[in-house]
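# Close look at the chain arrangement
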Amino acid sequence: MKKKIAIITGASSGLGREFVRQLDKKMEMLREKNAGTENPKEKPNDILDEMWVIARREERLVKLRIQSSTALRVIPLDLTQKESFQTIRTMLEGEAPDVRYLINAAGFGKIGSWKDISIEDCDDMIDLNCRAAVDMTQLALPFMSRGSSVLELCSTAGFQPFPYLNIYSASKSFLYRYSRALRVELLGEGIRVTAVCPYWVKDTEFIGTAQNTDNSAYIRHFPLASREKNVVRHALIDAELGLPVSTPGLVCTIHRIAAKFTPSEVMMGIWAILRRL
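These lines cover the structure that appears in this document, whether it is placed above or below. Residue positions are given per chain, counting from 1 as you read along its sequence in written order. Side-chain atom pairs in this predicted model are given and counted only at pLDDT of 80 or more, local residue features only at pLDDT of at least 70, and totals for whole chains, interfaces and linings cover all residues. Values reported for side chains reflect all heavy atoms of the structure, with hydrogen atoms and water molecules removed beforehand.

### Quick notes on helix α4 (residues 119-140)
Numbered from the N terminus, helices here are DSSP runs of H or I no shorter than four residues, and strands are runs of E no shorter than two. Expected helix span is taken as 1.5 Å per residue step, with the number of steps being one fewer than the number of residues. Taking 1.5 Å per residue, 22 residues should reach 32 Å; α4 reaches 30 Å between its end C-alpha atoms and fits that length. What we call the bend at a residue is the angle made by axes fitted to the seven residues finishing there and the seven residues starting there. At D127, α4 is deflected by roughly 35°, the largest bend along its length.

### Remarks on the packing of aromatic side chains
Each aromatic pair joins two rings of Phe, Tyr and Trp (for Trp, the six-membered one) with centres within 6.5 Å, and gets the label stacked for planes under 30 degrees apart, edge-to-face for over 60, and tilted for any other angle. Tallied over the full model, the rule gives seven aromatic pairs. Here F159 and Y176 contribute two aromatic rings whose centre-to-centre distance is 5.3 Å and whose plane-to-plane angle is 85°, an arrangement assigned as edge-to-face. Here the residue F159 occupies a position in the loop between β5 (149-153) and α5 (166-185), and Y176 occupies one in helix α5, the gap between them amounting to 17 residues. Note on classification: 1.4 Å probe, protein chains only; a residue is buried when its accessible area is under 20% of the maximum for its type, exposed when over 50%, partly exposed between these limits. Owing to a relative accessible area of 12%, F159 belongs among the buried residues under this scheme. Judged by relative accessible area, Y176 falls into the buried class, the value being 4%.

### Some remarks on the pairing of β5
In terms of residue burial, β5 counts as a mostly covered element, since five of its five residues are buried. Taking every second residue as pointing to the same face, both faces of β5 are buried, with S149, L151 and L153 on one and V150 and E152 on the other. When strand β4 (residues 98-104) meets β5, the two strands line up parallel, connected through four bridges. Residue pairing for β5: L102 is matched across the bridge by V150. Pairing of β5 with strand β6 (residues 192-196), which is carried by five bridges, proceeds in the parallel orientation. Looking at β6, one finds that E152 is bridged to A195. A pair of strands is treated as paired once DSSP finds two or more bridges between them.

### Some words on a positive patch on the surface
In this analysis, a patch consists of residues with relative accessible area above 30% that form no salt bridge, clustered at 9 Å for like charges and at 5 Å for the nonpolar side chains Val, Leu, Ile, Met, Phe, Trp and Tyr. Using the Shrake-Rupley algorithm and a 1.4 Å probe, accessible areas are obtained, with residue cover drawn only from the displayed protein chains. One speaks of a salt bridge when a side-chain nitrogen belonging to Lys or Arg is within 4 Å of a carboxyl oxygen belonging to Asp or Glu. The sign given to each residue is positive for Lys and Arg and negative for Asp and Glu; His and the chain ends receive no count. Note on charges: their place is set at NZ of Lys, CZ of Arg, CG of Asp or CD of Glu. Together, R21, K25, K63 and K229 make up a positively charged patch on the protein surface. Among the structural elements, K63 can be located in helix α2 (residues 58-67). A residue is classified by how much of its surface remains accessible, and K63, at 54% relative accessible area, is exposed.

### Some words on the pattern of salt bridges
Taken as a whole and judged by the stated rule, the model has seven salt bridges. A salt bridge links E240 to K26; the shortest N-O distance between them is 3.5 Å. Highlighted residues: E240 in helix α7 (residues 228-240) and K26 in helix α1 (residues 14-35), separated in sequence by 214 residues. The partly exposed category is assigned to K26, whose relative accessible area is 28%. Members of the salt-bridge network, linked through shared partners, are K3, E50, R73 and E95.

### Some points on the packing of α1 against α7
Contact geometry for α1 and α7: axes closest at 9 Å, N-to-C directions at 60°. Between α1 and α7, the angle is such that the two are oblique. By crossing handedness, the relation of α1 to α7 is classed as right-handed. Across the interface between the two elements, G14, L15, E18, F19, Q22, L23 and K26 of α1 pack against E228, K229, V231, V232, R233, A235, L236 and E240 of α7. Under the scheme applied, nonpolar residues are Ala, Val, Leu, Ile, Met, Phe, Trp, Tyr, Cys and Pro; charged residues are Asp, Glu, Lys and Arg; polar residues are all the others, including Gly. Of the residues in the contact of α1 with α7, the class split is seven nonpolar, two polar and six charged. Helix axes are fitted only over the stretch in contact, all axes being lines through C-alpha atoms; the angle between N-to-C directions runs from 0 to 180 degrees. An angle below 35 degrees is treated as roughly parallel, one above 145 as roughly antiparallel, one from 65 to 115 as roughly perpendicular, and anything else as oblique. Crossing handedness is defined as follows: a turn of the near helix away from the far one that is anticlockwise and smaller than a right angle gives a left-handed crossing, while the clockwise case is right-handed. Throughout, a residue-residue contact means that at least one pair of heavy atoms, one from each residue, lies within 4.5 Å.

### Quick word on the sheet that holds strand β2 (residues 50-55)
With respect to topology, seven strands assemble into an open sheet ordered β3-β2-β1-β4-β5-β6-β7, the strand pairing being parallel. Since the sheet does not close on itself, it has two edges, and those belong to β3 (72-76) and β7 (245-246), each with one partner. As defined by bridge partners, β2 adjoins β3 across five bridges and the pair is classed as parallel. Opposite A55, over in β3, you have P76 as the bridge partner. Running over the sheet, α1 touches β1 (4-9), β2, β3, β4 and β5 and is turned about 160° from β1. Running at roughly 150° to β6, α7 makes contact with β4, β5, β6 and β7 of the sheet.

In structure tokens form, the structure reads like this:
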């Protein structure tokens, strides 16, 4: 029988780490429930044998493995480097697992005008937020089957252009459109694709990393920011329901609706006011 796995990128911190924790809790509950059945060896499709956790910081992944009741395979890779994907390809082709979840949570953003952000950061944002997510999805899909879920961590920033967050918002818009189209392609195969589009998340490293530029004063405050536990909990529920988009919070839900009917120039004008508050 094929090993059932989840693959989570960006698993060393923030939303990626929280996805690992919440999936682990879900698996623990399912294992306890299954243990009381007449034949506990016949595991349901949604009980994972292992989670493959991918990030650059190996020591954090090792710590996460110690805390997890589900087996974690630590895969320390930098997904901005193309050779990392050859390692993943070799692992998948060698073991041919049944990938039940693919969660592309690796990503980062930078706040500032065009002159405040280095070319290296520009390239890394595009590589990690766009290319890495697509490459990982392309590699995993041949090993996914009916009932599997792909969660692409997009952002409410993908719903409109955002001056002084322009590359990040453009990269998330790319991932959002890619996810929406891929979902339609995979409908007949029964593989669910959900674009997860949260608002600011206050208890991750994202805001601190985004502010680490020559001038991040263009965005002064981050009001009504979400918490990672709530974002992940809503995202997993929405993916289970097969929703094409998960907006885990009131602000991102309102933003999604408003962006559908309001010209981009007007939305950017509203943003120019809000970012100064």
